[in-house]
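Each chain, written out:
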Amino acid sequence: PEVIDCQISVPNVFTPNGDSINDVFSLQPTCTPDQYNFIILNRWGGVVYTATGPADKWNGKYNGTDCDEGVYFYMATYQFPLQEPKTIHGTVTLLRN
């Protein structure tokens, strides 16, 4: 079988301020993963967002309320076709100005 070079890029800042520019945060895969699980946590380790597909995007809210500006942690587990499962983690900064 042919191996396809699939990757995920992750922005490090987003600005959910309603200007339609960079208003949501998501992982950006170059291929559709067979498996995908993505969570975002606040600084106390509380889950503020979960996604089960790459089309899901975080709008900077938790239960309909704007989250505070600051650094949030993410962790994603995914598997592309014909590749081993991978887990990545890092941080994203939420800015509202």
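In short, a report on the structure. All values derive from a computational prediction rather than experimental measurement.

Cut-offs used in this document
- Residues numbered from 1 in each chain as written.
- Predicted model: local features only at pLDDT ≥ 70, side-chain atom pairs only at ≥ 80, totals over all residues.
- Heavy atoms only, no water.
- Salt bridge = Lys/Arg side-chain N within 4 Å of Asp/Glu carboxyl O.
- Buried < 20%, exposed > 50% of the residue type's maximum accessible area, 1.4 Å probe, protein only.
- Helix = DSSP H or I, 4+ residues; strand = E, 2+ residues; numbered from the N terminus.
- Pairing = 2+ DSSP bridges.
- Core = buried A, V, L, I, M, F, W, Y, C linked by side-chain atoms within 4.5 Å.
- Contact = heavy atoms within 4.5 Å.

### Side note on the pattern of salt bridges
So, step 1. In this structure the tally under the stated criterion is two salt bridges.
So, step 2. The shortest N-O distance in the salt bridge between Asp66 and Lys61 comes to 2.6 Å.
So, step 3. In this structure Asp66 comes out as partly exposed when scored by relative accessible area, which is 42%.
So, step 4. For Asp66, the salt bridge is made with Arg96, and the minimal N-O distance between the two is 3.9 Å. One end of the pair, Asp66, is in strand β7 (residues 65-66); the other, Arg96, is in the segment after β9 (86-94), with 30 residues separating them in the sequence.
So, step 5. Owing to a relative accessible area of 22%, Arg96 belongs among the partly exposed residues under this scheme.
So, step 6. Counted as one network, the salt bridges with shared partners bring together Lys61, Asp66 and Arg96.

### Let's talk about the sheet that holds strand β5 (residues 47-51)
So, step 1. If you walk across this open sheet you meet the five strands as β2-β9-β8-β4-β5, and the pairing is mixed. Both edges of this open sheet fall to β2 (13-14) and β5, since each of them pairs with a single strand only.
So, step 2. Examined bridge by bridge, β2 and β9 share two bridges and lie parallel to one another. Opposite Phe14, over in β9, you have Leu94 as the bridge partner.

### A look at the nonpolar core
So, step 1. Ranked by size, the top nonpolar core spans 21 residues in total, and within it Phe25, Phe38, Ile40, Tyr49, Trp58 and Tyr72 carry the most contacts.
So, step 2. Secondary structure elements with two or more residues in this core: β4 (35-41), β5, β8 (70-79) and β9.
So, step 3. The element contributing the most residues to this core is β8, with four residues.
So, step 4. Beyond its immediate stretch of four places on either side in the chain, Phe25 contacts Val10, Pro11, Phe14, Phe38, Ile40, Lys57, Trp58, Tyr74 and Val92.

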